[in-house]
Amino acid sequence: MGIDGIEQAQGQCADRLVRRGVGHRLAERVPHHGVAGGGQQIVLVGDMPVDRPRPGRQPFGQGAESWLHDADLRHPASAAAAGGGSMFALAPGKGILSHREPGGVVHAYIALRRSEEWLGEIDFNNAAAAKVRIAAEFEGWAPALTAFIADSDSAPVLRLIHSLPQEHCRPRVPGVTLLGDAAHLMAPSGEGANLAMYDGAELAKAIIAHPDDLEAALTVYEQQLFPRSTKAAQEAEEVNDILYGAQSQHSLVKMFTQ
């Protein structure tokens, strides 16, 4: 999650955060001159692209995204399968998930627990060939579902999913701290953005509570950050086991009906 700015409550500090690096991945705290405590510096690492080496980072699963435009008119069977909200079609190790977007668009995610090497053999620059290869993994599935792959109005977009070890943590580095995926890269569970925003709020609270001692603030923040991240990572893995584990078709129904 990128950070465009933090304005601390009660007028204690109003610092400008400047983005560095690629996108919103690194932010540097630049003190506002004339504000109390303005001599302290902090570098925030907000997320980590998966194509860069990262100690401990490990593959979790893979997938691809596709889109059907004007779905109700041009793809009525798939639109009916998608329904009015979210749809989950699951089997052990794979699934087709979709949700409605504005303008008659149905956005689908094709999940496959296959190795990066296996996906590396697919030429995603050749959209037609990539669709055929991915659709072959769902042979025998209803045509309304495989159409999310075969009839996609866009080329399939490869998504590699990685995670950090559940109990990941790091020693304190003066003047630097983590939040978002940089602190707790994990399997998708619907909580990633929530956690990143919560990290930012907790970091702001810690700085407000220690206005004259930045290192004390960061220490308090990280003492809570990593245990919180461990719990969230464990829950994320449980969710993904429900979706793609050996009992996937029954586990999801059980989760919704308990």
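Since the model is a prediction, treat every value here as computed from it, not as a measurement. (Residues numbered from 1 in each chain as written. Predicted model: local features only at pLDDT ≥ 70, side-chain atom pairs only at ≥ 80, totals over all residues. Heavy atoms only, no water.)

Asks: Quick rundown of helix α4 (residues 127–135)? Include the residues and the values.
Replies: Listing the buried residues of α4 in full gives A130, K131, I134 and A135. Considered in projection along α4, the buried side chains sweep an arc of 125 degrees and stay on one side of the axis. Facing away from the buried surface of α4 by more than 90 degrees, the exposed residues are A128 and V132. (Buried < 20%, exposed > 50% of the residue type's maximum accessible area, 1.4 Å probe, protein only. Helix = DSSP H or I, 4+ residues; strand = E, 2+ residues; numbered from the N terminus. Arc of directions from axis to C-beta.)

Asks: Tell me what's going on with the environment of A64, and back it up with residues and numbers.
Replies: Within the secondary structure, A64 is located in strand β5 (residues 58–68). Between the C-alpha atoms of A64 and I96, which are 32 residues apart in sequence, the distance is 9.8 Å. Filtering out sequence-adjacent residues up to four positions away, A64 remains in contact with A108, Y109, I110, F124, I134, P156, V157, L158 and R159. (Contact = heavy atoms within 4.5 Å.)

Asks: Break down the pairing of strand β7 (residues 94–101) for me, with residues and values.
Replies: The sheet contact formed by strand β6 (residues 86–91) and β7 spans six bridges and is antiparallel. Paired with A91 across the two strands is K94, which belongs to β7. Taking the residues that link successive antiparallel strands as the turn, the β6-β7 hairpin has two residues, and the phi of G93 there is positive, at about 85 degrees. Taking the residues that link successive antiparallel strands as the turn, the β7-strand β8 (residues 105–112) hairpin has three residues, and the phi of G103 there is positive, at about 75 degrees. (Pairing = 2+ DSSP bridges.)

Asks: An account of the side chain of S229 is needed here, citing residue identities and associated values.
Replies: Inspection of the secondary structure puts S229 in helix α8 (residues 214–244). On the accessibility criterion, S229 (6% relative accessible area) is buried. Excluding its chain neighbours within four sequence positions, the residues that come into contact with S229 are A183, H184 and M186.

Asks: Could you give me a rundown of the pattern of salt bridges, with the residues and numbers involved?
Replies: Using the criterion set out here, one finds nine salt bridges in the structure. Among the salt bridges present, the one from E137 reaches R114, with a minimum N-O distance of 2.7 Å. Taken together, the residues span a long stretch of sequence, with E137 in the loop between α4 and α5 (143–150) and R114 in the loop between β8 and α3 (116–120) at a distance of 23 residues. With relative accessibility at 31%, the residue R114 sits in the partly exposed group. A salt bridge links D199 to R228; its shortest N-O distance comes to 2.9 Å. Within this pair, whereas D199 is found in helix α7 (residues 192–209), its partner R228 is found in helix α8, the two being separated by 29 residues in sequence. Residues joined by salt bridges that share partners form a network here, namely R114, R133 and E137. (Salt bridge = Lys/Arg side-chain N within 4 Å of Asp/Glu carboxyl O.)

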